[in-house]
Amino acid sequence: MEFGCIEECADCCIQREYYPNKQFGKIGVLILPEEKERIEELAKLNKIEIKILPRIGISENSNQSPTKILAYQLMGIEENGNTCPFLDTKSKKKSTHGGLPCKIYEVRPLACSAYPLIESTPIMLDQKCKFCKECGSADKNLEFETESLLKIKESMQTNAACIWRYATGIGEQEDYEFIKTGWILEEGI
Ligand code: SF4
Ligand code: SF4
């Protein structure tokens, strides 16, 4: 089946999830280090305030905090972490499939170009994508998404001994007691 966005949907630009679990808070859009400056410039040009937090860091031992950042994340603008700052919620313009449009669509982050493909073996479609919820799976019209995901994987490859994940401290008010902020060691010795 051919992949195509569901009419009027903009869910992936709005809904943010706790990942890998609640204690890490809600995540933002993954931004590679080489994309960060460009996204900050785009925000300035569009007069949009953005917040970019670290996402994945590495180090050679678990006693130190990360010495290198492999990925950042662009946080949502709502208090609960939802809604990308680049989503045009006001102008009444529409995306090509009739949803709310992205103000930087042509130059959006690689992670947005890769979605709804997610990192897994084999590569799969995110079941939270509305297309998947309504149509099941797809195996066609995903070349651009696949290419984007492979670029992300390549950029984030590491042999570092320790991998850290940043807890964003952001989420629904009723979850605050579980949500942490700061680096948490995910894998390491
Ligand atoms: S990728 Fe999925 S969630 Fe995102 S706009 Fe398309 S159908 Fe909706
Ligand atoms: S940058 Fe654009 S495509 Fe990516 S989440 Fe934000 S609004 Fe959506």
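Everything here concerns the structure above.
What counts as what
Residues numbered from 1 in each chain as written. Chains lettered and ligands numbered in written order. Predicted model: local features only at pLDDT ≥ 70, side-chain atom pairs only at ≥ 80, totals over all residues. Helix = DSSP H or I, 4+ residues; strand = E, 2+ residues; numbered from the N terminus. Rg over C-alpha atoms; globule rule 2.2 N^0.38 Å. Buried ≥ 20, exposed ≤ 12 C-beta atoms within 10 Å, placed from the backbone. Contact = placed C-beta atoms within 7 Å. Near = placed C-beta within 6 Å. Pairing = 2+ DSSP bridges. Axes fitted to C-alpha atoms, helices over the stretch in contact; angles between N-to-C directions.

Participant: In this structure, what is going on with the overall build of the protein chain? I would like to understand it.
Facilitator: A tally of helices and strands in the protein chain yields five helices and seven strands. The order of α-helices and β-strands along the protein chain, N terminus first, is α-β-α-β-β-α-β-β-α-α-β-β. On C-alpha atoms alone, the protein chain measures out to a radius of gyration of 17 Å, which is about the 16 Å that the 2.2 N^0.38 rule sets for 189 residues. Along the first, second and third principal axes, the C-alpha atoms of the protein chain reach 50 × 35 × 35 Å. Burial statistics for the protein chain: of 189 residues in total, 29% are counted as buried. A sequence separation of at least 24 residues applies to 65% of the contacts in the protein chain between residues at least 6 apart.

Participant: I would appreciate a short explanation of the site of ligand 1 in the present structure.
Facilitator: Around ligand 1, the surrounding shell consists of Cys5, Ile6, Cys9, Ala10, Asp11, Cys12, Gly99, Tyr115, Pro116, Cys129, Lys130 and Phe131. Only α1 (11-14) and α4 (130-135) provide two or more residues apiece to the shell around ligand 1.

Participant: Teacher, can you tell me more about the environment of Leu53 here?
Facilitator: Residue position: Leu53 is located in strand β2 (residues 52-59). Owing to 18 C-beta atoms within 10 Å, Leu53 belongs among the partly exposed residues under this scheme. Sequence separation between Leu53 and Tyr176 is 123 residues, and the spatial gap between their C-alpha atoms is 18 Å. Ignoring anything within four residues of it in the chain, the contact list for Leu53 reads Gly28, Tyr72, Gln73, Met75, Tyr166 and Thr168.

Participant: What is the right way to read unusual backbone geometry from this model?
Facilitator: Most of the time, phi is negative for any residue but glycine, and the peptide bond is trans. The omega torsion of the bond from Tyr19 to Pro20 falls at -5 degrees, within 30 degrees of zero and hence cis. Turning to its location among the elements, Pro20 is positioned in the loop between α1 and β1 (29-31). Note the cis peptide between Tyr115 and Pro116, where omega equals 15 degrees. By the element assignment, Pro116 lies in the loop between α3 (110-114) and β4 (117-118). Its identity as a non-glycine residue notwithstanding, Glu8 has a phi of 70 degrees, on the positive side.

Participant: I would appreciate a short explanation of the sheet that holds strand β3 (residues 68-74) in the present structure.
Facilitator: Note: strands within a sheet are paired through backbone hydrogen bonds, in either parallel or antiparallel orientation. A sheet is described by the order of its strands in space; here five strands give the open sequence β1-β3-β2-β6-β7, paired in antiparallel fashion. Either end of the sheet is taken by a strand with one partner, and the two such strands are β1 and β7 (181-187). The average angle at which neighbouring strand axes cross in this sheet is 30 degrees, direction not considered. Pairing of strand β6 (residues 162-168) with β7, which is carried by six bridges, proceeds in the antiparallel orientation. Among the inter-strand pairings, Tyr166 is bridged to a residue of β7, identified as Trp183.

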